[in-house]
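# Summary of the model geometry
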Amino acid sequence: MAEQVKKWYPGEGKITPARVVLYLLVMLGAVSALIRLFFGLGATTNLSDAYPWGLWISFDVLAGVALAGGGFTMAATIYIFNLKKFEPLLRPAKISAFLGYLLFIIGLTLDLGQPWRIWHPMIMWNPQSVLFEVAWCVMLYTAVLAIDVLILALERFRKEKLVQFFRQIYLVLVVAGIILSTLHQSSLGALYLLLPEKMSDLWASQAIGPLFFVSAIIGGMSMIILESLLSARAYGRQPEMNILPDFARGLSIVLIAYFAMKVTDIYARGVNVLVWDRPHFFFLVELVGTVGLPALLLSLPAVRHSEKGLLTGAGIAAFGVVLNRFNVSLTSYGGYREFSYFPSFFEIIITLSLVAGGILLFDFLTRNLPVYHELTRESG
Amino acid sequence: MASLGPTFGRGAMTNHWNDLANSDCLIICGCNPAENHPISFKWITRAQEKGAKLIVIDPRFTRSAAKADLFVRLRPGTDIALFGGLIHHVLQHDLYFQDYVVAYTNASFIVKPEFSFEKGLFSGYQKDKRAYDASSWDYETGPDGKPLTDPTLQHPRCVFQLLKRHFARYTPEMVAAATGVPQETFFRLAEMYCATGRPDKAGTILYAMGGTQHSTGVQIIRSYSILQTLLGNMGIAGGGINALRGENNVQGATDMAMLFHVLPGYLGAPSEAAHPTLKDYLDKETPTSGFWSNKPKFFVSLLKAWWGEAARPENEFAYHYLPKLGKGPQNAGYSWIPLFEHMAAGGIKGLMCWGMNPAVGSTNLNHTYSALEKLEWLAAFDLWETETAIFWKRPGVNPQNIRTEVFLFPAADSLEKEGSASNSGRWIQWRYQAVPPGGDIKSDLWYVHRLGLELKKLYGADAAAPGREAILHLTWDYGADPDPHLVAKEINGYAVADRKQLPNFLALKDDGSTACGCWIYSGFYPGPDKKDNKAAARDKKDPSGLGLYPGWAYSWPVNRRIIYNRCSADPQGRPWDPRRALVRWDEAAHKWVRLDVPDFKWLDPATKTEVPPAESAQAPYIMLPEGKCRLFVPKGACRDGPFPEHYEALECPFVNPLSPVQSNPAVRLWTSELSRLAEVCDPRFPYIATTFRLTEHWQAGPMTRNLAWQSEMMPEMFVEISPTLAQAKGIKSGDWVKVTSVRGEVLARAHVTRRVAAFTCGAPGLTNTVEMVALPWHYGFAGLVTGGPDRRRNYAANQLSPMVGDANTMIPEFKVFLVNLEKA
Amino acid sequence: MSKAMLIDTTKCIGCRACQVACKSWNDLPGEPAAYSETWSSPRYLSSHQYTRIIFREAAAPDGSLRWHFIKRQCMHCLDPACESVCPVGALKRLPEGPVVYDDGRCIGCRYCMMACPFQIPKFEWGKAVPLIRKCTFCAERQAEGLAPACASTCPTGALLFGEREELLREARHRLGTAPERYYPQVYGDRIVGGTSKLYLTAASFEELGLNHRGFRTDLGEVPYGIYGRAWMSKVPLVALTVGGLAVGLHYLNRRLAAVQARQGDKEG
Ligand SMILES: Nc1nc2c(c(=O)[nH]1)N[C@H]1C(S)=C(S)[C@@H](COP(=O)(O)OP(=O)(O)OC[C@H]3O[C@@H](n4cnc5c(=O)[nH]c(N)nc54)[C@H](O)[C@@H]3O)O[C@H]1N2
Ligand SMILES: Nc1nc2c(c(=O)[nH]1)N[C@H]1C(S)=C(S)[C@@H](COP(=O)(O)OP(=O)(O)OC[C@H]3O[C@@H](n4cnc5c(=O)[nH]c(N)nc54)[C@H](O)[C@@H]3O)O[C@H]1N2
Ligand code: SF4
Ligand code: SF4
Ligand code: SF4
Ligand code: SF4
Ligand code: SF4
Ligand SMILES: [Mo]
């Protein structure tokens, strides 16, 4: 009996201008990636001995991982804190987390001098290396996320037995995911703990691990809100306005906590923030504009209950996380004084294409896997 | 070298590299060993570690100056004024080493009453010839023909008093006016260095091109020498006057007579006019006293080595085969400048350019190029395609207009061939072939050898060729593939009868029974086998503890490490300073204790008994007829005066504060259009320029500008300018500027640095402040790196430099000339 | 005992023989360059330049001119940051002193470059299969009983190679016997926990303007490797705590929910 497939939303499968742009970007990115592989980093990026890490580390790795923090945040919300009402947000969070990590790995691979050796940390160990830990955690956590997606696929294809099996061990996966995320989200910050002398005082804090961890929660939560709102628009769904305001309240609490942490940190270390230069400007924008402001906005019920308000609040918060990662990795970093860095065309294209690819994959998976309840294709 | 010879007897570094470590105070003056002789700093650093003081006297703050305890910035070309001031200071304050001066110098000799010095000129000046008649520059002799002396040094015409009078004008005020050295700096310098005028202190002076490349170059070195002698610093460990030779084997090259006016072993080249016969030569050129009285033995042995069987007593040992001096433009002989003058005038057909690159290194390059263009052919033997080899396609010319046929022969480099090289310290050191040369590359010896064979063949075929016998009879048997050991053995000398190698030059005879290619080297290869080659000796024992290493290589003469070493001990043979003993008379044993090979008659060859010290105390400078060091150089041995006198460079922005004679009156001036000079204080060229070397580059450049490792360190031509000049001209470091002289121009990057500065000098009332700029001269237009981004340009500094040379050596005045500088 | 090098910059004449010797021994290419205002050239260390001499003109306290020559290369830290951060253990300090690099392991993440407090490791940007490059302390020469190429070339003895303890003693001896010559400090004896390159200078690195060009003076004495290890030592604890909390909270919250549900039932 042939399964009947319904059309779920207007325009599905149509070649919209947005799609064309996204596909073009992905293709351009793929070509760029090939060029990068054949000609090397020097030829294709603006990286140098003065700036060994650039856009790809700042955005694809640091920001990407933080924004993909929704996976473990939702898992904890649902399974650990048992806030079942937020369940509708769980699946998209899983998908976006998985895609986030997937793209991050692609980005990282391109960033490595020797991409084909990406597996080396598996057998060549240096247990005192933070990056070694990050590598393992990311690897394992991506595996966890992959299993998550696999379960969705199994559901989709009705492999009940296997689904059942995974349900039974699911708590293990959740706990493993949370442990791994806690570790690597904070360790990504700790990467910079190890170069205190090159970091601006504004960001060089012993507390960078916890700060990264908490901001990854912000990144994850704000992305969940954004995804919900944006996918609703894209697919003509109803956003989960029943739960989003509450979720946003949670976000505002985390933002306030984060704000307090940052302020305490700066204060405790006695750093003077009132200096007029570029790093200080960026720091203040980050702290006041992208932490304080959304915290305030989202603490207002009126804002929380409006789609626009949510979009703005969560948008700023997500942007704040990205800004923070750029600040830590680029604004703060002072290697050679006389050099500056701005990403090359290839770097930008590849980053954009990763984002584009992410959107397309998200689109593909949400349409083909049971992610959004109302989008889920169920036969007959 | 032309000043050390007349002063001490030999034209060579008196001590040697390792010996620098024994010094208490070193003056680096007119050289820059940190950059140009880096390895010397091993020993200088050791001396410093032991507490020695280091003084650097230079117009520029160099890498040597960076290591100095005292840096004295003097205006280039004014060393005589500064050292004259020091000599005056020493004499005025009785800081000289009295016993030494009385015993070992000609201070007590009485000079002819006709000798005088007035208004900047010595007696006997002939204005029309720009030369001196030096007959009045001589000692007053007694009835026995020997010079009269006054050991009390009181006689008004004794050398000492003349010296005192001559330099009395060199007061600290005058020194400041001439050199730009502030008086307080001068006094610090005087205090520091004159402290070595004690028996237990040794001071040394190191010099090179900063001292010699002047129209007064010889007299500059004379002024160093006089100071050293007054302070008793000659002939002792840690003392001496040390000429830092340039190219790795330039010492060997001059020893072997790669100079126009001497034959191997510094035998003066005979001249057509004065020495038509061997007898004339030997009679006129052999002094009656001193070691040079053996000259006939050396000379005849040389002729025997060259013409073998054909050199017989009845034909004056083939003396008539020998080419003689007397040619060349204005009868100046073929030193560098006259050679190129003559070439430019079309007088020379062909040039073999052997391991040199005059298209960069010669002075007044535009003149050089015009001279090269006059050649019918030019053969360059080199490792690289040098600027000289491509002078016909240099920037700015059309190759079609140049008819010179150019050949480039690939030469093996020092690692690709076996042979010896002699360093500044006179050490003949054997080197081995590390790798065979590739391709068609041949050693220089091979080329010369083949050339000789070919010439013999051609002359053999042409019965009418002039000078045919001289070629046909030339000894030329060095094997098919020439063997450097055969050459070395001939240089050492052998007995003609049995072909046995000679032990040393004491065995040479003037009767044709011995042959010797270079008498001073005799003794370095005293046996037939390779194991007898003392140049290859590598014994690291140092019995004296003074770094003499007698078993390492062979030091000419007769393996003597410190020459004039009789002076290290007092007339009784007791070392002035026991810690620096080189020789000591052991009264009890009636023997000399010899830590170095004695440079005096210590053994009577006839009786084989040792000669007590009194005799050698009479003639510690054995190469000079009077046996004493010459504070006063008699008989025109230095053409421009028996004493040094300060004159300004030919191109100079100051009026001579010391006398009305502006520049050296005895230098030859060239008249060709391209050899023009700027006026004195020429307003068109308001800055002093000097040229210098960089550690990173070698000479005319082919050896380093073709190597990426060297080139990347000093990639581009620059000119050092002071911050004040930079400000006045609105120039920043790195800007391209154009430097022009009356002869040419060159582009360079401005290198703004406090290491150069303006000089304020001039006679009272005429003081002026003049900026100095300094240019490295290594860049050109061929090779991997030329000196700038534009390969159609010539970045050679010598496009600016003048065609004037020292009165004696003709060495060009590379160190002072006038330029203008503008932003390019 | 481990080997070290005492770099007495007061004895350096800036001849750069070491720079060339290093290139020669390591077979590194020379590169096209342009005029440099300070004469230091090439201007930076790179994968082709393991060492360079920095030229610095500076005024002495009395205003007179001084010219300093300072050699720079990997410091061969006793507890190197680069070793501690490398995820695959490509950089390792040998017990004999050199911090060496294993071409076969490196993945090219460039974290060593970020982490080195002296900004030493350099990347082969020009290659499609790039590696990290830096001074090796001539470990291969040392293994054969030879001094590093630079040290054995140095004409003045400015580069003294030997046992670290002995060199430290020598350095202190020099400071004691010629205090007027030196800035009173052995750079490298304790900074970042100690390095195998020990410096004596005539002026402080601040005065020389080099504290932000590879010779930072504010790095402290904590061995740099500790930073990473301190973090990593917390990992098991954090993992257990987070895991324990997660499991605990999960059951707690489930129970609370169940209780609430039951209460709700009762009340309802
Ligand atoms: N790296 C390197 N080493 C070399 C060479 C090379 O090309 N490169 N060339 C070799 C050769 S052939 C030679 S001859 C030697 C030459 O060796 P040096 O004589 O040391 O060489 P220069 O740099 O020409 O001149 C030395 C110094 O003299 C200073 N000077 C200029 N005018 C005066 C003056 O009037 N009085 C005093 N007191 N100083 C003055 C200059 O500022 C300069 O610093 O070097 C040899 N060594
Ligand atoms: N302005 C200015 N000009 C100067 C000076 C200065 O101080 N200022 N200094 C002057 C001095 S002191 C000197 S010595 C001259 C030097 O001037 P040059 O002697 O002309 O210069 P070099 O570069 O030493 O030339 C040596 C050549 O020999 C080649 N060569 C090397 N080894 C061998 C070999 O084994 N066989 C052969 N056949 N060729 C070999 C090299 O490649 C190079 O081309 O320059 C003089 N010019
Ligand atoms: S001869 Fe060679 S070793 Fe000696 S100073 Fe010159 S370049 Fe250095
Ligand atoms: S200086 Fe840098 S590269 Fe060298 S050992 Fe220390 S941390 Fe590693
Ligand atoms: S670039 Fe290579 S050596 Fe450096 S940290 Fe990464 S893997 Fe280790
Ligand atoms: S130790 Fe070896 S690799 Fe390091 S700078 Fe010296 S020569 Fe170069
Ligand atoms: S070789 Fe020695 S003296 Fe020359 S630059 Fe290097 S450290 Fe200094
Ligand atoms: Mo020379």
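Residues numbered from 1 in each chain as written. Chains lettered and ligands numbered in written order. Predicted model: local features only at pLDDT ≥ 70, side-chain atom pairs only at ≥ 80, totals over all residues. Heavy atoms only, no water.

### Focus on the overall build of chain C
Worth spelling out the cut-off: Numbering of helices and strands runs from the N terminus, with a helix taken as a DSSP run of H or I at least four residues long and a strand as a DSSP run of E at least two residues long. In this description the radius of gyration comes from C-alpha coordinates, and the expected globular size is given by 2.2 Å times residues to the power 0.38. Summary of the burial criterion: residues with accessible area below 20% of their type's maximum are buried, those above 50% are exposed, and those between are partly exposed, where the area comes from a 1.4 Å probe applied to protein chains only. The contact criterion used throughout is that any non-hydrogen atoms of two residues lie within 4.5 Å. Computed by Shrake-Rupley with a 1.4 Å probe, the accessible areas treat only the displayed protein chains as cover when residues are assessed.
Looking only at helices and strands, one finds seven helices and nine strands in chain C. Relative to the globule expectation of 18 Å for 268 residues, the C-alpha radius of gyration of chain C, 25 Å, shows a markedly less compact shape. Each of the three principal axes of chain C carries a C-alpha extent, and together these read 95 × 45 × 40 Å. Residue burial in chain C is summarised as follows: out of 268 residues, 59% are buried. Residue pairs in contact within chain C that sit at least 24 positions apart in sequence constitute 60% of those at least 6 positions apart. On chain C, roughly 10700 Å² of surface is accessible, and the fraction owed to carbon and sulfur atoms is 56%.

### A closer look at a nonpolar patch on the surface
To be explicit about the condition: Patches here are clusters of residues that have more than 30% relative accessible area and form no salt bridge, with a 9 Å joining cutoff for like charges and a 5 Å cutoff for nonpolar side chains (Val, Leu, Ile, Met, Phe, Trp, Tyr). We define a salt bridge as a side-chain nitrogen of Lys or Arg found within 4 Å of a carboxyl oxygen belonging to Asp or Glu.
Residues Leu34(A), Leu37(A), Phe38(A), Phe39(A), Trp116(A) and Val129(C) make up a contiguous nonpolar surface patch of roughly 640 Å² in combined accessible area. Considering the arrangement of structural elements, one finds Trp116(A) in the loop between helix H4 (90–111) and helix H5 (120–123).

### A look at the state of the cysteines
Operational definition: Our working definition of a disulfide is a cysteine sulfur pair at a distance within 2.5 Å.
As enumerated under the stated definition, the model contains zero disulfides over all chains in all. As a non-bridged cysteine, Cys629(B) has Cys567(B) as the owner of its nearest cysteine sulfur, 7.8 Å distant.

### Concerning helix H12 (residues 278–285) of chain B
Residues and elements named next belong to chain B. For the record, the criterion: For this quantity, the arc is that covered by the directions from the helix axis to the C-beta atoms.
Among the residues of H12, Leu278, Tyr281 and Leu282 are the ones counted as buried. On an axial view of H12, the arc spanned by its buried residues comes to 90°, and they lie on one face. Opposite its buried face, H12 presents the exposed residues Lys279 and Lys284, each directed more than 90 degrees away. Packing partners of the buried residues in H12 comprise strand S11 (267–268) and helix H13 (295–307).

### A short note on the pattern of salt bridges
A side chain of one charge can pair with a side chain of the opposite charge when the charged atoms of the two come close. Taken as a whole, this structure holds 61 salt bridges over all chains when the rule is applied. Lys198(A) is paired through a salt bridge with Glu197(A); the nearest N and O atoms lie 2.7 Å apart. The two residues Lys198(A) and Glu197(A) agree in class, both being buried. Arg172(C) is the partner of Asp189(C) in a salt bridge, and the nearest nitrogen-oxygen pair spans 3.9 Å. Taken together, the residues span a long stretch of sequence, with Asp189(C) in the loop between helix H6 (164–177) and strand S9 (197–200) and Arg172(C) in helix H6 at a distance of 17 residues. Under the relative-accessibility criterion, Arg172(C) is labelled partly exposed at 45%. Salt bridges sharing common partners tie together Asp24(B), Asp577(B), Arg579(B) and Arg580(B).

### Section: the sheet that holds strand S3 (residues 70–72) of chain B
Residue and element names in this part refer to chain B. To keep things clear, this is the line we draw: When DSSP finds at least two bridges between two strands, those strands are taken to pair. Where helices are involved, their axes are fitted lines through C-alpha atoms of the stretch in contact, as for all axes, and angles between N-to-C directions lie from 0 to 180°.
Within the open sheet, the five strands sit side by side as S3-S2-S1-S8-S9. Their pairing is parallel. Pairing within the sheet leaves two strands with one partner each, and these edge strands are S3 and strand S9 (241–243). Each adjacent strand pair in this sheet contributes to an overall mean axis angle of 15°, direction not counted. Of the strand pairs in this sheet, strand S1 (residues 25–29) and strand S8 (residues 203–207) are connected by four bridges, and their pairing is parallel.

### Here we look at the pairing of strand S2 (residues 53–57) of chain B
Remember that side chains alternate between the two faces of the sheet whenever the strand is regular. Residue and element names in this part refer to chain B. Taken across its five residues, S2 has four buried, putting it largely inside the fold. Where S1 lies against S2, five bridges are found, and the strand directions are parallel. Pairing of Cys25 across the sheet is with Lys53, part of S2. Inspection of the sheet shows S2 paired to S3 by three bridges, in the parallel sense. Bridge pairing in S3 places Ile55 opposite Leu70.

### Regarding the site of ligand 6
Residue and element names in this part refer to chain C. For clarity, the cut-off: Residues are classed as near a molecule or strand on a simple rule: at least one heavy atom within 4 Å of it. Residue polarity is assigned by list, with Asp, Glu, Lys and Arg as charged and Ala, Val, Leu, Ile, Met, Phe, Trp, Tyr, Cys and Pro as nonpolar; anything else, Gly included, falls into the polar class.
Around ligand 6, a shell composed of Cys22, Asn26, Tyr50, Thr51, Lys71, Cys135, Thr136, Phe137, Cys138, Pro148, Ala149 and Cys150 is seen. For the shell around ligand 6, the elements supplying multiple residues, two or more each, are helix H1 (17–26) and helix H5 (149–153). For the shell around ligand 6, the per-class residue count stands at eight nonpolar, three polar and one charged.

### Considerations on the interface of chain C and chain B
Note the following rule: Summed over both partners, the accessible area (1.4 Å probe) lost when two parts come together is defined as the buried area.
Between chain C and chain B, the contact holds 35 residues from the first and 35 residues from the second. Interface of chain C and chain B: buried area, both sides summed, is about 2900 Å²; carbon and sulfur atoms make up 60% of it. Taken together, chain C and chain B are joined by four salt bridges. Taking the shortest distance from any N to any O, the salt bridge between Glu57(C) and Arg755(B) comes out at 2.5 Å. Of the residues contributing to the side of chain C that touches chain B, the split by class is 17 nonpolar, eleven polar and seven charged.

### Some details on the environment of Leu4(B)
Residue and element names in this part refer to chain B. As for its placement among the helices and strands, Leu4 is situated in helix H1 (residues 4–8). Judged by its relative accessible area of 0%, Leu4 is buried. Linking Leu4 and Gln219, residues 215 residues apart in sequence, is a C-alpha distance of 10.0 Å.

### Topic: the confidence of the model for chain C
Heads up, the rule is: pLDDT is a per-residue confidence score from the predictor, ranging from 0 to 100.
When pLDDT is averaged along chain C, the result is 95; 99% of the residues meet or exceed 70. The ipTM assigned to the predicted complex is 0.93, against a pTM of 0.94.

### Describing the packing of aromatic side chains
Each aromatic ring pair is described using two quantities: the centre-to-centre distance and the angle formed by the ring planes. Under the convention used in this document: Pairing of aromatic rings covers Phe, Tyr and Trp, the last through its six-membered ring, and needs centres within 6.5 Å; plane angles under 30 degrees mean stacked, over 60 mean edge-to-face, and all others mean tilted. Lysine NZ or arginine CZ positioned within 6 Å of the ring centre and within 35 degrees of the ring normal marks a charge as sitting over the ring.
Going through the model one piece at a time under the given rule, you end up with 88 aromatic pairs over all chains. Aromatic side chains Tyr187(C) and Phe215(C) sit 5.9 Å apart centroid to centroid with 65° between the ring planes, which places their arrangement in the edge-to-face category. You can see Tyr187(C) sitting in the loop between H6 and S9 and its partner Phe215(C) sitting in the loop between S9 and helix H7 (225–267), a full 28 residues away along the chain. Chaining the aromatic ring pairs together yields one cluster made of Phe109(B), Phe115(B), Phe117(B), Phe122(B), Tyr125(B), Tyr132(B), Trp137(B), Tyr139(B), Phe632(B) and Phe643(B). If you follow Arg325(A) out to its NZ or CZ, it ends over the ring of Phe212(A), 3.7 Å from the centre. Directly above the aromatic system of Tyr494(B) lies the positively charged group of Arg499(B), at a separation of 4.0 Å from the ring centroid.

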